[in-house]
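Observations on the model geometry
Residue strings, one per chain:
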Protein chains: 2
Amino acid sequence: MYHYEYERPALATDCVIFGFDGAELKLLLLQREKAPFRDTWALPGGFVYMHETTEAAAKRILLEKAGIRNVFIEQLYTFSEIDRDPRERIVSVAYFALVSTTQFRLIAGRDTIQAGWHPISALPQLGFDHRNIVSLAVDRLRGKVRYQPVGFELLDEKFTLSQLQALYEAILQNPVDKRNFRKKLLGMGLLKQLDEKEQNVPRKAAFYYSFDKKAYKELTKKGFHFEL
Amino acid sequence: MYHYEYERPALATDCVIFGFDGAELKLLLLQREKAPFRDTWALPGGFVYMHETTEAAAKRILLEKAGIRNVFIEQLYTFSEIDRDPRERIVSVAYFALVSTTQFRLIAGRDTIQAGWHPISALPQLGFDHRNIVSLAVDRLRGKVRYQPVGFELLDEKFTLSQLQALYEAILQNPVDKRNFRKKLLGMGLLKQLDEKEQNVPRKAAFYYSFDKKAYKELTKKGFHFEL
DNA sequence: TCATCAAAGTGTATTTTTCACACTAAAATT
DNA sequence: AATTTTAGTGTGAAAAATACACTTTGATGA
């Protein structure tokens, strides 16, 4: 019958969690309480149990280690370099998640000194091969955001067009023309204008919008392709 | 110190190998000699050894099971459904490869009855969750081919513009205007026209071209983005 | 050798999309 | 009442995408 090697790599998952605070794209990192890489920042991660899929493991870790649940999550890449973990051979299936920073109060779970948001433009040193993982995740997000309406996952349920524009500018790292941006986005028919405006802002108050998932599904069925 | 579950999933890899015969997009499948799924067609696959990365394992399997070496290969996705293999828990890191069908004489490796190219429009029943894997690979190829010059990997070193066009039509499943296609492709400056034409064809002979990898790298550095 | 067949190769006009650009309106603050 | 700050809005020019048809060439076979 079948033969396989007696020894097996351990299987783990690491999560790249993106957030947006209105100005900058941020990453959720944990400061490690234990060796290896004690005191160093790293991605939330952990082993995949025998009875769960890698995606279930990633979701569990999001919750256990950062108190985050019910967010956009997608598989990123599987990292399998032999020495990526100094303890033993660990293959890691990395996921990335998109979160509204305002939506969760961060918790520091087991074995972590603190949890914190770090701007991707100024990350601390990271343990393991997490710099590589992050770098791939950022590339992927930059690519994805242009042809899939995932940016909304980083904002609150309701948002102004200016917030949305600031988000795209932060991710794509280049300025966007206000009028052209609004024309294109509104033209797609994916945004519902709400009967509600900003409150108590020292300027003209902007209307809130929300992303119309139903309309998106309908349009997609008809062959519509989102593209920024 | 660290604790992990005593039992670990086995780690394997499966390879989706695309080929193109001038008219249709094809998939390399192996007919299994042993249970489970005896006599059924399936993707070439195998376990990942303790001392090799998943990519190295995929390349080894390409060679051992199909006699294919030195081709374009890229990680596709990691499949981890609990029951995807009836024997035991096996997590599989899937890869996809692009091959010129004329370049290799297929071999049937250990435990396989035969190896064969199957048009993606008429695949046989597949074992395990390989139908899912293939389906994701096809989607990925369709997406990728539009914004990365990977199509060339499916053709011989030298090819005619008509062959290239036929390839894109086969992958994208829609007809392309000859003049516009040539205008765009040649305009990119990625194709070198060779001093050589087709021989013994019962019609006007077409020039051969080759993909200019060096030019592509140069252009990419300057911010060029391939897009069909 | 002449006619036939099949695909190679080539340019222009139209439509669509993208891009650049500047002022008035509204809400809070002083 | 004046100031500050961002919201909201349209047009014209440039670039890109699309639609479209005939002549050339090489082998085949009558």
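Structure: see above.
Here we summarise the structure given alongside this text. These numbers were taken from a predicted model, which means no experiment stands behind them. (Residues numbered from 1 in each chain as written. Chains lettered and ligands numbered in written order. Predicted model: local features only at pLDDT ≥ 70, side-chain atom pairs only at ≥ 80, totals over all residues. Heavy atoms only, no water.)

**So, the overall build of chain A**
Secondary structure assignment for chain A yields 5 helices and 10 strands. With respect to the principal axes defined by its C-alpha atoms, chain A has extents near 65 × 45 × 30 Å. Residue burial in chain A is summarised as follows: out of 228 residues, 49% are buried. Summed over all atoms, the accessible surface of chain A reaches about 12,000 Å², with 47% contributed by carbon and sulfur. Of the charged side chains in chain A, 34 are positive and 29 negative; the average position of the first set lies 6 Å away from that of the second. (Helix = DSSP H or I, 4+ residues; strand = E, 2+ residues; numbered from the N terminus. Buried < 20%, exposed > 50% of the residue type's maximum accessible area, 1.4 Å probe, protein only. Areas by Shrake-Rupley, 256 points an atom, 1.4 Å probe, with all protein chains shown as cover. Lys, Arg positive; Asp, Glu negative; His and termini not counted. Charge placed at Lys NZ, Arg CZ, Asp CG, Glu CD.)

**Remarks on the packing of aromatic side chains**
All names here are of chain B. All told, the structure shown has 16 aromatic pairs over all chains when counted by the stated rule. With a centroid separation of 4.7 Å and 55° between ring planes, the pair formed by Phe37 and Phe128 is classed as tilted. One end of the pair, Phe37, is in the loop between strand 2 (25-32) and strand 3 (41-42); the other, Phe128, is in the loop between strand 7 (112-119) and helix 2 (130-147), with 91 residues separating them in the sequence. Residue class for Phe37 comes out partly exposed when judged on its relative accessible area of 33%. (Phe/Tyr/Trp six-rings, centres within 6.5 Å; stacked < 30°, edge-to-face > 60°.)

**Considering the protein's contact with DNA strand C**
Taken together, 21 residues surround DNA strand C, and among them B:Ser162, B:Lys178, B:Arg182, B:Lys183 and B:Arg203 come closest. Near the protein, within 4 Å, the atoms of DNA strand C are sugar or phosphate in 43% of cases. Take A:Lys204: an N or O atom from its main chain is 3.3 Å from a base nitrogen of DNA strand C. B:Arg182 is positioned with one of its side-chain polar atoms (N or O) 2.5 Å from a phosphate oxygen of DNA strand C. Among the secondary structure elements, those contributing two or more residues to the surface near DNA strand C are helix 4 (178-188) of chain A together with helix 4 (178-188) of chain B. Sort the elements by how many residues they give to the surface near DNA strand C and helix 4 of chain B lands first, with 4 residues. (Near = heavy atom within 4 Å. Polar contact = N/O pair within 3.5 Å; in protein donor to acceptor, adjacent residues only side chain to side chain.)

**Comments concerning unusual backbone geometry**
The omega torsion of the bond from A:Ala35 to A:Pro36 falls at -5°, within 30 degrees of zero and hence cis. Tracing the chain through its elements places A:Pro36 in the loop between strand 2 (25-32) and strand 3 (41-42). The backbone of B:Gln173 sits at a positive phi, close to 65°, despite the residue not being glycine. Relative to the elements of secondary structure, B:Gln173 occurs in the loop between helix 3 (161-172) and helix 4. By relative accessible area, B:Gln173 is classed as exposed at 57%. Of note in this structure, B:Asn200 is not a glycine but carries a positive phi near 60°.

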